[in-house]
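# Reading the structure
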Amino acid sequence: MERKQFELGDIVQMKKPHPCGTNEMEIIRMGMDIRMKCVGCKHSVLVPRAKFEKNMKKVLRSAPASDEGTSEGN
Ligand SMILES: [Zn+2]
């Protein structure tokens, strides 16, 4: 099974829409759990990573590349 690729700041489409009717979510925090914010009503939800990967349909928009994440060993 292929692992889904997603990054902080991505807008993702979920299989099940939020109660407000929007199925687009923005990833605002990543860790053991994923915190995402509904694009429609701005409500944020915390879901376990496994559940998120299961419920996420696809990445709609990737976050713009930032300088963060480049670790330089010195
Ligand atoms: Zn919503």
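Sequence order sets the numbering: in each chain, residues are counted from 1 along the sequence as written. Since the coordinates come from a predicted model, pLDDT governs what is reported: local features require at least 70, and pairs of side-chain atoms require 80 or more to be given and counted, while whole-chain, interface and lining totals use all residues.

Per an unreviewed UniProt entry, the recorded name for the protein is DUF951 domain-containing protein, and the organism is Paenibacillus oenotherae.

### Side note on the sheet that holds strand β3 (residues 33-38)
Note: strands within a sheet are paired through backbone hydrogen bonds, in either parallel or antiparallel orientation. Here we have 5 strands laid out as an open sheet, ordered β4-β3-β2-β1-β5, and antiparallel in their pairing. With partners counted over all chains shown, the strands left at the sheet margins are β4 (44-48) and β5 (56-61), one partner each. Going from strand to strand, the sheet's axes swing by 40° on average, the running direction of each strand aside. Two strands are said to pair when DSSP picks up at least two bridges between them. Only DSSP runs of H or I covering at least 4 residues are called helices, and only runs of E covering at least 2 are called strands; the numbering of each starts at the N terminus. Bridge count for strand β1 (residues 11-14) against strand β2 (residues 24-30) is 3 bridges, and the pairing is antiparallel. Orientation is described by lines fitted to C-alpha atoms, with helices fitted over the stretch in contact, and by angles between N-to-C directions that extend from 0 to 180 degrees.

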